[in-house]
Structures are given as structure tokens and as C-alpha cells.
Amino acid sequence: MTTQYHLQAMEQAVHTLQQGGVIAYPTEAVWGVGCDPANTQALEKLMALKARDPNKGVILIAASTDQVLPLMTEITPEQQGRLDETWPGPNTWLVPPSGRVHSLVKGQHPLVAVRVTAHPLVQALCQAFGGAIVSTSANLAGEAPAMSAQQVTDYFGEQLDFILPGELGGADNPSTIRNLLTGETLRP
């Protein structure tokens, strides 16, 4: 595929996010679906598409630490060091949210899940969008995560607004999830 094709696809993905749409894209280990984390209608659409309990919350994924800093509050220098040591990479951290985090992103949880990705396509997507986006596995609640664009289509059909073409990042498992305040690992 040509570079022009990739550029057009990225522009379409960003435009779709800006317009409140839900997109699918490859992540490190599985295909994900996402939207603008500040758009209530987009978040509600994503939850409905996945048949996901809104109390569960979702992960935010970003291109850089700078993109997630406005979403956090009360981070100590030691905690910041822990983030810096593990990002970018397959490490999702539960952190104290700032007032800029939508209630549907947090769900019933007091902390918000954030990750700085090492996947080049997702980094480019977040950079082009200008901030973090929602990242949750592309599947219906209780089903296995999609491992290809075709599986994404099988799950969601025409209900998705756009599928960003690309390849998975080669990781065997979804990201580790840890609590930044306690160090507890919730998903190895």
C-alpha cells in the first residue's frame, strides 16, 4: 500500500474521532476500538457496540507521557519515575484522575487506566488526534478479542465508523495493568 493511502486512512481515522465516531485499530496484542474520551455520545456508542457495562470503565492510550499528564493528578516524583521506566510499552497504570477524565472512562473506579503505547501506528494516531484516545479490546463483552480486521468486521459489521488498517504489534498478551498507588498487579 502506498504512503498516500496510509496518510488518507490516518486522516479519516482522526476525522472520525473528532466527529464523535468509534474506530477500530490494531494495538500491540489485539485489535482495539476507541473514541474521543471527552465525547459523551461517542463513549455511550462504544459501550453499546461492545455491550460493555459502563461501570467497568476503559483504558486511555496515548503517544507520549505529555498526552496523559493532564489526565492525572497528585503524582509523586517516585510514581512519575515508575511511569517513565515502563513507557512507552505494554504497561497500563491505574492513576488518580484529574477533573478532565469523563465518568464513563473511569466507570465505577476511583482511578483511571492509562498507557503510553509503543505501537507506531497507534502513536501516530494519538499524535494526529492531539491526545489520548479510548482503547478497549475489539469484541463483544465475554467474547475473545479480535485478532484481525476481518474479526472486527465479523463482530461489529457496519456499526463501526472506521477501521484503521494496520498490523498487530506482535505482543502475545494485552498490557499489564498495575495500580500506581499500591504497586498491585491486576492483570499480569
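Residues numbered from 1 in each chain as written. Predicted model: local features only at pLDDT ≥ 70, side-chain atom pairs only at ≥ 80, totals over all residues. Heavy atoms only, no water.

## Quick word on the sheet that holds strand E3 (residues 59-62)
Put simply, the test is: Only strands that DSSP links by at least two bridges are regarded as paired with each other. Numbering of helices and strands starts at the N terminus; helices are DSSP runs of H or I of at least 4 residues and strands are runs of E of at least 2. Here, two residues are considered to be in contact whenever any of their heavy atoms come within 4.5 Å of each other. The axes are straight lines fitted to the C-alpha atoms, using for helices just the contacting stretch, and the angles between their N-to-C directions are given from 0 to 180°.
Taken together, nine strands build an open sheet; the order of strands is E7-E1-E2-E6-E3-E5-E4-E8-E9 and the sheet is mixed. Each having just a single partner strand, strand E7 (162-163) and strand E9 (185-187) make up the two edges of the open sheet. Strand direction decides the pairing type here: E3 and strand E5 (residues 112-116), joined by four bridges, are parallel. Of the residues in E5, the one forming a bridge with Leu 60 is Val 114. Contacting strand E1 (23-26), E3 and strand E6 (133-137), helix H6 (residues 120-129) crosses the sheet at an angle of about 140° to E1.

## Some thoughts on the pattern of salt bridges
For clarity, the threshold we go by: Here, a salt bridge means any side-chain nitrogen of Lys or Arg that lies within 4 Å of a carboxyl oxygen of Asp or Glu. Burial classes follow relative accessibility: with a 1.4 Å probe on protein chains only, a residue under 20% of its type's maximum area counts as buried, one over 50% as exposed, and anything between as partly exposed.
Applying the stated criterion across every chain yields a total of three salt bridges. Here Glu 28 and Arg 115 are joined by a salt bridge, their closest N and O atoms 3.5 Å apart. Remark: Arg 115 occurs in strand E5 and Glu 28 occurs in the loop between E1 and strand E2 (31-34); sequence separation between them is 87 residues. For the pair Glu 28 and Arg 115, one class covers both residues: buried. We note a salt bridge from Lys 45 to Asp 161, for which the minimum N-O separation is 2.7 Å. Note that Lys 45 is positioned in helix H2 (residues 40-50) and Asp 161 in the loop between helix H7 (149-156) and E7, a separation of 116 residues in sequence. Residue classification places Asp 161 among the partly exposed residues on the basis of a relative accessible area of 36%.

## Some remarks on the layout of surface pockets
Note the threshold: With a 1 Å grid laid over protein atoms only, a set of points is called a cavity when a 1.4 Å probe fits there but cannot get out and a pocket when it is open yet has protein on both sides within 12 Å along at least five of seven lines; lining residues have an atom within 4 Å of a point. Grid points are joined across faces, edges and corners, and a volume is the space filled by probe spheres set on the points. All amino acids are sorted into three groups, where Ala, Val, Leu, Ile, Met, Phe, Trp, Tyr, Cys and Pro are nonpolar, Asp, Glu, Lys and Arg are charged, and the leftover types, Gly among them, are polar.
By volume, the largest pocket amounts to about 630 Å³. In terms of lining residues, the largest pocket is bounded by 31 residues, among which Arg 52, Ile 59, Ala 113, Ile 177 and Arg 187 are the most central. Mapped by element, the contributors of at least two residues to the lining of the largest pocket are helix H5 (103-106), E5, E6, strand E8 (176-179) and E9. Size it by volume and the second largest pocket reaches roughly 200 Å³. Along its surface, the second largest pocket is lined by 15 residues, and Pro 37, Ala 38, Leu 71, Arg 100 and Ala 132 are the ones closest to its centre. Classifying every residue of the lining of the second largest pocket gives nine nonpolar, four polar and two charged.

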